[in-house]
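Secondary and tertiary structure notes
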Amino acid sequence: MTEMTLPDYHDVAAAAERIADYANKTPVMTSRTVNEEFAADVFFKCENFQRMGAFKFRGAMNALRQFTPEQRAAGVVTFSSGNHAQAIALSAKLLGIPATIIMPHDAPAAKVAATKGYGGNVVIYDRYSEDREKIGRDLAQKHGLTLIPPYDHPHVIAGQGTATKELIEEVGQLDVLFVCLGGGGLLSGSALAARHLSPGCVIYGVEPEAGNDGQQSFRNGKIVHIGTPKTIADGAQTQHLGNITFPIIQQNVNDILTVSDDELVASMKFIAERMKIVVEPTGCLGFAAARASKAELRGKKIGIIISGGNVDISRYGEFLAG
Ligand SMILES: *Cc1c(COP(=O)(O)O)cnc(C)c1O
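Residues numbered from 1 in each chain as written. Predicted model: local features only at pLDDT ≥ 70, side-chain atom pairs only at ≥ 80, totals over all residues. Heavy atoms only, no water.

1. Thoughts on the nonpolar core
To be explicit about the condition: Put simply, buried Ala, Val, Leu, Ile, Met, Phe, Trp, Tyr and Cys residues joined by side-chain atoms within 4.5 Å make one nonpolar core. Only protein chains enter the accessibility calculation, which uses a 1.4 Å probe; a residue is then buried when its area is under 20% of its type maximum, exposed when over 50%, and partly exposed in between. Helix and strand assignments follow DSSP, with helices taken as H or I runs no shorter than four residues and strands as E runs no shorter than two, numbered in order from the N terminus. We call two residues contacting when some pair of their heavy atoms lies within 4.5 Å.
Formed by 36 residues in total, the largest nonpolar core has its most connected members in Phe 38, Phe 44, Phe 178 and Ile 302. By residue number, the principal contributor to this core is helix α13 (residues 261–275), which donates seven residues. Excluding residues within four positions of it along the chain, Phe 178 makes contact with Tyr 204, Val 206, Leu 257, Gly 286, Ala 289, Ala 290, Ser 293, Leu 297, Ile 302, Gly 303, Ile 304 and Ile 305. In terms of nonpolar packing, the next biggest core, distinct from the first, is built from 27 residues, Phe 57, Ala 87, Leu 90 and Val 112 among them.

2. Here's the deal with the sheet that holds strand β4 (residues 99–104)
Selection criterion: For two strands to be treated as a pair, DSSP must find no fewer than two bridges joining them.
As summarised here, the arrangement of the four strands in space is β5-β4-β3-β6, forming an open sheet in which the pairing is parallel. Each end of this open sheet is capped by a strand with a single partner; those strands are β5 (121–125) and β6 (146–147). Judged from the five bridges that link them, β4 and β5 form a sheet pairing that is parallel. In the strand pairing of β5, Met 103 is matched with Ile 124.

3. Considering the environment of Gln 250
Along the chain, the position of Gln 250 falls in helix α12 (residues 245–252). Judged by its relative accessible area of 37%, Gln 250 falls in the partly exposed class. Counting along the chain gives 31 residues from Gln 250 to Arg 219, while the straight-line C-alpha distance between them is 9.3 Å. Among all residues touching Gln 250, those that are not within four sequence positions of it are Phe 218 and Gly 221.

4. Section: the packing of aromatic side chains
Worth spelling out the cut-off: Each pair of aromatic rings taken from Phe, Tyr and Trp, with Trp reduced to its six-membered ring, is defined by centres within 6.5 Å and is described as stacked if the planes are under 30 degrees apart, edge-to-face if over 60, and tilted in the remaining cases. The rule for a charge over a ring is simple: NZ of Lys or CZ of Arg within 6 Å of the ring centre, and within 35 degrees of the ring normal.
By the definition in use, this model includes four aromatic pairs. On the numbers, 5.4 Å between centres and 65° between planes, the contact of Phe 44 with Phe 287 is edge-to-face. Of this pair, Phe 44 sits in strand β2 (residues 41–46) while Phe 287 sits in helix α14 (residues 285–292), and the two are 243 residues apart along the sequence. Members of the aromatic cluster, joined through ring pairs, are Phe 38, Phe 44, Phe 270 and Phe 287. Note that Lys 294 overlies the ring of Phe 38, its terminal NZ or CZ placed 5.9 Å from the centroid.

5. Focus: the sheet that holds strand β9 (residues 255–259)
With mixed pairing, six strands are arranged side by side in an open sheet as β1-β2-β10-β7-β8-β9. The strands lining the two open edges of the sheet, one partner per strand, are β1 (28–29) and β9. Both strand β7 (residues 176–180) and strand β8 (residues 202–208) contribute to a ladder of five bridges, which runs parallel. Looking at β8, one finds that Cys 180 is bridged to Val 206.

Here's what the structure looks like:
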């Protein structure tokens, strides 16, 4: 791809207006225990309280709100087994747009049910023998549907950036910001917001150790592809960054850090016990990385994006008990 104009802060600001009537302005939480432990001021932006339980509603709504009447009438299609599926299904329902979601045959029943519950038309494919992107393209062509991918789309990126915009507008400029990283929609959007509103802020993306393609890409200067990583952070099991998210990350992010699944479980427990909130494993990436670099954060003002809270409740129980 050449001749591509990357989204910028103004797109994030426009997205904020576009989604204002639909998205929750999520709470910013603090914890005395955390502040004492860190000897710092830590602010958690809690997107687990966003509609459908994750920040992905922001990007999906920002994208669908820009459909032309023809696109609205024909409908939207996407492929995802996770939060993006629910985000598209719910946004489409609220706007009266038909939605088709392509999900793997082994997607968790709860996620398929949630997507159907939001009115999405679910198309099941075989993860091992079929290509979901081809199914998406074919459906899009045949029925005139518009494909909205989970991260590599300028409207999705701009929408995701609104969470960090809200955070900085509420608490003021930050010294350090920690953001969960999968395909980079959240990180690139957050970086656009933070660079503009808090220019001196050090911005870290955080990935699961087993899926450090983003870190490899950042350090090698080109997009590195990996196999589906084995990690409990199912929202960050992406195999590569995007053609739009990567250059934004290269230009605006200071570094990409990684954390282990054990660190994620420890952080999930800590957040449950001390802050009394349910956060999914992927949502703990930023906090887990901050805990690991506590020594360097003394006296700083720190933002952490808690990205979502959608975790099967019996699995969650096992994490807490283990
Ligand atoms: C999708 C998702 C991520 C990763 O977001 P990207 O935009 O793909 O980097 C992180 N946390 C949660 C809860 C998610 O649903």
